[in-house]
Amino acid sequence: MGENKAIKAGIGYTVANYLIKGLSFFTLPIFTRLLSTKDFGVYNTFLAYENILTIILGMAFSSSFNVARFKFKINRYVSCCISVSFIFSLFILGIIDVIYPLYNRILNMDRWMITLLVLFSFSSAVVTFYNSYIGLEFQYKKFVIISALGAIGNIVLSLLLILTLFSGNRGLGRIIGMSLSSISLSVYIIIFFFSKEKPCFEKDYIKFALRYCIPIIPHSLSQIILNQFDRIMISSMCGENEAGIYSFAYTLFSILLITITSLDKVWAPWFFDNLKANNYLGIKKRSSQYALVMASFSALLILIAPEIIRFLGSKEYWGSVYCVAPIIVGGYFSFLYYIPCQVEYYYEKTQYIALGSIFAAGLNIVLNIFFIKQYGYVAAAYTTLLSYFLYFVFHYVISIIIVKKRIFHTGKIVILSIGVLLVAIIETTLMDYPIIRWGLAAVMCLLLFNGGIKYLNKYHKKDNMRRLPVYL
């Protein structure tokens, strides 16, 4: 797999994700003005439950595709994973329906809402299967099509339902619109896979998938807890209004997450191929560059965060600005985890992934119990930051133990991490001085632009291409 192809695909995935997610950001001011903070809190709490259930119903099978492509016929393997997930989802739906009287007061959802939650969660798992599958060959154009259909359907259906049938319960209208769009998309994806390979239940495939993925399930659930469970705790301990405000702060985290997940679709296959070839020098060099790009992006996002918050949301959401800096710093440490964790995936040491994630999630819950009560919903942003930091450190150490050498540049990663933390402190200190913050952001952009030009000139030097002008 050539680096040119990987870079092109990485750019393609990232740009496509921004264009698609841009639809959500452009419509966010509309939804925040149509939905009260309570409606927004209900909607995000439903999403939190969906994220948890998606991992369980999908059984984290998509995490095994990168390795399975070297062992099995990948089309048949994916078809088998969908078949097993579908049967398991029906089983879970039956259990949930039977024990509904035991938990209905806790979740405060009608029976039909629970059914919708299960269907939506299964459909989300199927979409994840598809995106992981096409990522193996860097087919970002297909990713664009599927993601665009899902995003447009989500927005259009939600707006129609909010403004018509559910004008009196707009949070519910948003939930149903989102769910129906995803379910419809999953039906198409299932037909797509089953047309390639009929549904199957091959013993060897299932045995490998379960052995590889079962440890990933608690890992993925723990990641959901780190990303989502604090909103559930805030809703319970502070109220749905506070949960809505805190959830809104995660709007900027989602910008960072889009970039992380887009680039990881390229980083993971590239890393596997280079680790297999023992190209440790290349891995050390590229991982440092990767960390620098994301550190710069995170720092820029922090500096301009207050204005983005005020632009996207009405005044009742502006309190979320105090959560943004620690949330984005935590997001950067979350990104750093993706670099060393590929070692554990490659060597099939997924039990370590689960162990680290469970520790981080458990720590986050304990810290939230103490600090949310004492300091309010803003404290959840700082407890999440600390949890993600320790989460990264654990996996970094494990990667060294597995490979028995340092294949990443520790010093550079430490310096970049300190840099992002310092920018967060500056943003908090200069919250009321936008001209200074934007000035710093402009200088940073110019430095990055010139650095990028110098890199491209060096990269294309052998091809005798025309050199681009450098301004600093």
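The rules we used
- Residues numbered from 1 in each chain as written.
- Predicted model: local features only at pLDDT ≥ 70, side-chain atom pairs only at ≥ 80, totals over all residues.
- Heavy atoms only, no water.
- Helix = DSSP H or I, 4+ residues; strand = E, 2+ residues; numbered from the N terminus.
- Buried < 20%, exposed > 50% of the residue type's maximum accessible area, 1.4 Å probe, protein only.
- Contact = heavy atoms within 4.5 Å.
- Areas by Shrake-Rupley, 256 points an atom, 1.4 Å probe, with all protein chains shown as cover.
- Axes fitted to C-alpha atoms, helices over the stretch in contact; angles between N-to-C directions.
- Parallel < 35°, antiparallel > 145°, perpendicular 65-115°, else oblique.
- Left-handed = near helix turned anticlockwise from the far one by under 90°.
- Polar contact = N/O pair within 3.5 Å; in protein donor to acceptor, adjacent residues only side chain to side chain.
- Phe/Tyr/Trp six-rings, centres within 6.5 Å; stacked < 30°, edge-to-face > 60°.
- Disulfide = S-S within 2.5 Å.
- Salt bridge = Lys/Arg side-chain N within 4 Å of Asp/Glu carboxyl O.
- Arc of directions from axis to C-beta.
- Expected span 1.5 Å × (residues − 1).
- Bend = angle between axes of the 7 residues up to and from the residue.
- Nonpolar A, V, L, I, M, F, W, Y, C, P; charged D, E, K, R; others polar.
- Patch = residues over 30% accessible without salt bridge, like charges linked within 9 Å, V, L, I, M, F, W, Y side chains within 5 Å.
- pLDDT = per-residue confidence, 0-100.

Here's the deal with the overall build of the chain
When helices and strands are counted, the chain shows 17 helices and zero strands. Across the 472 residues of the chain, 55% fall into the buried class. Taking as baseline every contact in the chain between residues at least 6 positions apart, the subset at least 24 positions apart corresponds to 82%. Entry remark: accessible area of the chain is about 21,600 Å², with carbon and sulfur atoms responsible for 68%.

Some thoughts on the packing of helix α12 (residues 280-312) against helix α13 (residues 321-346)
In the contact formed by α12 and α13, the axes pass within 9 Å of each other and the chain directions differ by 165°. Between α12 and α13, the crossing angle belongs to the class labelled roughly antiparallel. You can see that α12 and α13 cross each other, and the crossing is right-handed. Residues Ser287, Tyr290, Ala291, Met294, Ala295, Ser298, Leu301, Ile302, Ala305, Pro306 and Ile309 of α12 lie in contact with α13, whose contacting residues are Val321, Val324, Ala325, Ile328, Val329, Tyr332, Phe335, Leu336 and Ile339.

As for the environment of Thr428
Mapped onto the elements of the fold, Thr428 is located in helix α16 (residues 410-429). Overall, Thr428 belongs to the partly exposed group, its relative accessible area being 42%. Distance in space between the C-alpha atoms of Thr428 and Pro326 is 9.6 Å, their sequence separation being 102 residues. Within the local environment of Thr428, its side chain forms a polar contact with the backbone oxygen of Ala424, the two atoms lying 2.9 Å apart.

Let's talk about the packing of aromatic side chains
Overall, the coordinates contain 26 aromatic pairs when judged by the stated rule. Pairing Phe72 with Tyr77 gives two aromatic rings, centres 5.6 Å apart and planes at 10°, and the pair type is stacked. We classify Tyr77 as buried; its relative accessible area is 0%. The rings of Phe65, Phe72, Tyr77, Phe129, Tyr205, Phe208 and Tyr212 are connected pair by pair, giving a single aromatic cluster.

Considerations on the state of the cysteines
The final tally for this structure, using the stated rule, is zero disulfides. The cysteine Cys213 is free of any disulfide, with Cys81 supplying the nearest cysteine sulfur at 6.8 Å.

Considerations on the pattern of salt bridges
Scanning the model with the defined rule gives three salt bridges in all. Among the ionic pairs, Glu197 bridges to Arg76, the shortest N-O distance being 3.2 Å. Of this pair, Glu197 sits in the loop between α8 (170-196) and α9 (203-213) while Arg76 is found in helix α4 (residues 74-98), placing the two residues 121 residues apart along the sequence. Glu197 gets classed as partly exposed once you look at its relative accessible area, which sits at 23%. Here Glu307 and Arg437 are joined by a salt bridge, their closest N and O atoms 2.8 Å apart.

A word on the side chain of Ser182
In this structure, Ser182 sits in helix α8. Owing to a relative accessible area of 13%, Ser182 belongs among the buried residues under this scheme. Ser182 has contacts with Phe120, Ser123 and Ser124, leaving out every residue within four places of it along the chain.

Things to note about α9
Here α9 has its buried residues at Tyr205, Phe208, Ala209, Tyr212 and Cys213. Projected down its long axis, α9 shows its buried positions confined to an angular sector of 105°, all on one face. Set apart from the buried face of α9 by more than 90 degrees, the exposed residues are Lys203 and Lys207.

Considerations on unusual backbone geometry
A positive phi angle is found at Ala60, which is not glycine, with a value near 55°. In this structure, Ala60 sits in the loop between α2 (37-58) and α3 (65-71). Even without glycine at this site, Asn278 takes up a positive phi of about 60°. For Asn278, the location among the structural elements is in the loop between α11 (240-276) and α12.

Observations concerning helix α14 (residues 350-375)
Over its 26 residues, α14 extends 36 Å from the first C-alpha to the last, a length consistent with the 38 Å expected when each residue adds 1.5 Å. Roughly 30° is the biggest bend found in α14, and it falls at Asn368. Those residues of α14 that fall on the buried side of the exposure criterion are Thr350, Ile353, Ala354, Gly356, Ser357, Ala360, Ala361, Asn364, Leu367, Asn368 and Ile372.

Quick word on the packing of α14 against helix α15 (residues 379-403)
α15 packs onto α14 with a crossing angle of 160° between their chain directions and a minimal axis gap of 8 Å. Between α14 and α15, the interaxial angle falls into the category roughly antiparallel. The interaxial crossing formed by α14 with α15 has right-handed handedness. Partitioning the contact of α14 with α15 into residue classes produces 18 nonpolar, eight polar and no charged.

Section: a nonpolar patch on the surface
On the surface, Phe91, Ile95, Val98, Ile99 and Leu102 cluster together into a nonpolar patch covering about 510 Å² of accessible area. At three residues, the largest contribution of residues to the nonpolar patch is made by α4. With respect to the helices, strands and loops of the structure, Val98 is situated in helix α4.

Description of the environment of Gly331
Inspection of the secondary structure puts Gly331 in helix α13. Look at Gly331 and you get buried, because its relative accessible area is 0%. Taking the C-alpha atoms as reference points, Gly331 and Tyr388, 57 residues apart in sequence, are found 7.6 Å from one another. For Gly331, the residues in contact, after removing those within four places along its chain, are Phe253, Leu256 and Ile260.

Points about the confidence of the model for the chain
Chain-level pLDDT for the chain is 79 on average; 83% of the residues reach the 70-or-more range. Taking the mean pLDDT of every element in the chain, the minimum, 61, falls on helix α1 (residues 3-34) and the maximum, 90, on α16. Counted against residues more than four places away or in other chains, residues 463-472, with its pLDDT under 50, gives 16 contacts.

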